[in-house]
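# Observations on the model geometry
So the chains spell out like this:
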Amino acid sequence: MSYRILSLDGGGTWALIQVKALMALYSATTPGHRVLQDFDLAVANSGGSIVLGALIENLTLEQILAFFESDRQRRAVFSPTKEWGDRILSDLTGLGPKYSAKAKLVALQSALPNRGNLPLVQAAAGIRRPGAAQDLHVLIVSFDYDRDRARFFRSAPAGTAQTPNWGQGAPADVTLADAIHASSNAPVNYFDAPARWAHGPGRYWDGAITGCNNPIVAGVTEAIVLRQADAAPADVVALSIGTATVARPWPKPGEEPSVLVQSPSETGLVHDVVKLLGAILDDPPDIATFLAYVMTGGPWNTKIDPRRGRIVRMNPLISPVRNGADWEPPQGMSLDQFDYLAKLGMDAIEQSEVDAIGAFAKLWLDSRVPNQPVRMDPDDLTLEIGDAWFHEAVAWWNRIR
């Protein structure tokens with residue numbers, strides 16, 4: 001029997017895309033436990049950890065979507081900081097925190113009343129894939145602010161009596177809501193303090209700081225460690241669902257500037273700080289899925305199509321498409337809509353922003369917006385490994401799962 005992983009990227013409000021993808025794979029009324037019973041391990045970061053927490057809470061997919069679509073819920077998670085100095089700095093320079101970390105924890109605890117306040121091992125108890133020997137293994141990624149190290153919150157220790165542990169993770173009394181709070185605490189331009197809770201000394205930032213905004217490599221590594229005595233890495237299959245990423249082709253010599261092609265970035269202190277923050281938090285996901293693809297057999301696994309492998313990536317691309325020799329927005333999108341989405345931040349809390357993300361997700365699910373493959377040529381966006389469209393990714397997942 002294959003060992004199945006569900007991997008959910010970070011991305012703030014954009015995580016509603018993951019919910020819509022799961023609704024397409026299951027149904028709007030499917031409870032969270034039913035989804036998770038198809039997997040042996042679930043790994044998540046930031047916005048994806050909120051989706052995972054709601055699945056563990058056993059909310060239906062339509063209830064989880066309603067959480068992201070609710071203006072009240074969004075503003076509870078992204079609650080303005082009360083520190084006047086932070087607000088002035090953000091207003092004047094565009095840098096600095098805008099939201100309250102303390103308020104976010106309260107919002108998460110309120111949204112997960114049944115399992116959110118349980119220790120992680122108890123929160124995942126009873127969720128098990130049919131035929132599996134153990135409950136679902138949960139892995140939530142964060143960054144330890146004081147130790148400058150990745151911190152993994154687990155529902156059970158990694159490793160076995162015969163193999164070294166990859167790490168015990170956080171203390172057993174860390175709750176599901178605490179772990180999500182730590183994982184989703186984007187720093188500097190977002191939340192005003194490291195995540196913390198009353199019963200422990202730790203302080204945490206968003207798991208994207210570890211390079212795991214797309215946590216698939218952490219999930220595959222965890223699976224390999226857990227299964228050293230049982231099976232080969234090539235028995236691992238993973239469904240990796242993202243929250244959208246921008247991909248533009250490099251312009252040809254003499255090509256006119258356009259929002260559809262990549263332009264050189266501005267330089268200077270402020271621009272460099274903003275770019276550094278984006279590089280840390282956006283964590284372009286191409287490398288992560290390709291590393292996981294190689295780890296699980298990649299092109300050397302002769303049992304399956306080497307162009308696809310055992311990692312299925314479902315993630316919409318904010319990317320132009322070819323029309324002969326020219327680039328144009330995907331079907332159903334105007335140039336202005338393309339530019340708007342490409343510039344929209346992860347803390348999209350206005351209803352018009354959420355509506356735009358939802359409409360974009362619908363185009364992707366209808367295979368009118370490209371799907372991010374496992375690997376593509378960054379200059380001309382030519383597919384090299386993976387699936388170009390959502391319906392192709394669904395078909396491949398159904399074949400290998």
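Residues numbered from 1 in each chain as written. Predicted model: local features only at pLDDT ≥ 70, side-chain atom pairs only at ≥ 80, totals over all residues. Heavy atoms only, no water.

## Observations regarding the overall build of the protein
Broken down by element type, the protein carries 15 helices and 13 strands. The buried share of the protein, reckoned over its 401 residues, is 55%. Partitioning the contacts of the protein with sequence separation of at least 6, the portion at a separation of at least 24 is 72%. Total accessible area on the protein is roughly 17,200 Å²; 54% of this is exposed by carbon and sulfur atoms. (Helix = DSSP H or I, 4+ residues; strand = E, 2+ residues; numbered from the N terminus. Buried < 20%, exposed > 50% of the residue type's maximum accessible area, 1.4 Å probe, protein only. Contact = heavy atoms within 4.5 Å. Areas by Shrake-Rupley, 256 points an atom, 1.4 Å probe, with all protein chains shown as cover.)

## Brief notes about helix α9 (residues 176-183)
Among the 8 residues in α9, 8 count as buried, and that is most of the element. Leu176, Ala177, Asp178, Ala179, Ile180, His181, Ala182 and Ser183 are the residues of α9 that are buried.

## With respect to the pattern of salt bridges
On inspection of all chains with the given rule, the structure shows 15 salt bridges. The salt bridge involving Lys98 is made with Asp347; its shortest N-O contact spans 2.9 Å. In this pair, Lys98 is assigned in the loop between α6 (84-93) and α7 (101-111) and Asp347 in the loop between α13 (335-343) and α14 (351-365), connecting sequence segments 249 residues apart. Given the relative accessible area of 32%, Lys98 is considered partly exposed. The salt bridge involving Asp339 is made with Lys343; its shortest N-O contact spans 3.1 Å. (Salt bridge = Lys/Arg side-chain N within 4 Å of Asp/Glu carboxyl O.)

## A few points about the confidence of the model for the protein
When pLDDT is averaged across the protein, the result is 87; 86% of the residues are at 70 or more. Scored below 50 in pLDDT, residues 159-167 shows 19 contacts in the model against residues more than four places distant or in partner chains. (pLDDT = per-residue confidence, 0-100.)

## Some details on unusual backbone geometry
Here the phi dihedral of Ser46 falls at roughly 50°; this positive angle occurs in a residue that is not glycine. In this fold, Ser46 is placed in the loop between β2 (41-44) and α3 (47-56). Accessibility expressed as a relative area gives 3% for Ser46, which makes it buried.

## Description of the pairing of strand β1 (residues 3-8)
Among the 6 residues in β1, 6 count as buried, and that is most of the element. Two elements, β1 and strand β6 (residues 236-241), share 6 bridges in a ladder whose sense is parallel. Paired with Ser7 across the strands is Ser240, a residue of β6. Pairing of β1 with β2 involves 4 bridges; the strand directions are parallel. Residue pairing across strands places Ser7 opposite Val43, the latter belonging to β2. (Pairing = 2+ DSSP bridges.)

## Examining a negative patch on the surface
Together, Glu255, Glu256, Asp326 and Glu328 make up a region of like negative charge exposed at the surface. For Glu256, the position within the fold is in the loop between β7 (245-246) and α11 (269-282). Assessed through its relative accessible area of 62%, Glu256 is described here as exposed. (Patch = residues over 30% accessible without salt bridge, like charges linked within 9 Å, V, L, I, M, F, W, Y side chains within 5 Å. Lys, Arg positive; Asp, Glu negative; His and termini not counted. Charge placed at Lys NZ, Arg CZ, Asp CG, Glu CD.)

## What to know about the packing of helix α1 (residues 16-25) against helix α4 (residues 61-69)
Remark: α1 packs on α4, axes separated minimally by 9 Å, with the N-to-C direction vectors making an angle of 160°. One element, α1, and the other, α4, form an angle in the roughly antiparallel class. As for how α1 packs across α4, the hand of that crossing is left-handed. Packed against α1, whose contacting residues are Leu16, Val19, Lys20, Leu22 and Met23, the element α4 presents Leu61, Ile64, Leu65, Phe68 and Glu69 at the interface. Of the residues belonging to the contact of α1 with α4, the class tally is 8 nonpolar, no polar and 2 charged. (Axes fitted to C-alpha atoms, helices over the stretch in contact; angles between N-to-C directions. Parallel < 35°, antiparallel > 145°, perpendicular 65-115°, else oblique. Left-handed = near helix turned anticlockwise from the far one by under 90°. Nonpolar A, V, L, I, M, F, W, Y, C, P; charged D, E, K, R; others polar.)

## Quick word on the side chain of Ser319
The topology assignment puts Ser319 in the loop between β9 (317-318) and β10 (321-323). Overall, Ser319 belongs to the buried group, its relative accessible area being 2%. At a separation of 3.2 Å, a polar atom in the side chain of Ser319 contacts the main-chain carbonyl oxygen of Ala247. With near-sequence residues (within four places) excluded, Ser319 lies in contact with Ala247, Pro330, Phe338, Pro370 and Leu381. (Polar contact = N/O pair within 3.5 Å; in protein donor to acceptor, adjacent residues only side chain to side chain.)

## Here's the deal with the packing of α7 against α9
Remark: α7 packs on α9, axes separated minimally by 9 Å, with the N-to-C direction vectors making an angle of 140°. Of the possible angle classes, the one that applies to α7 and α9 is oblique. Handedness of the α7/α9 crossing: right-handed. Between α7 and α9, the residues in contact are Ala101, Lys104, Leu105, Leu108 and Gln109 and Ala177, Asp178, Ile180 and His181, respectively.

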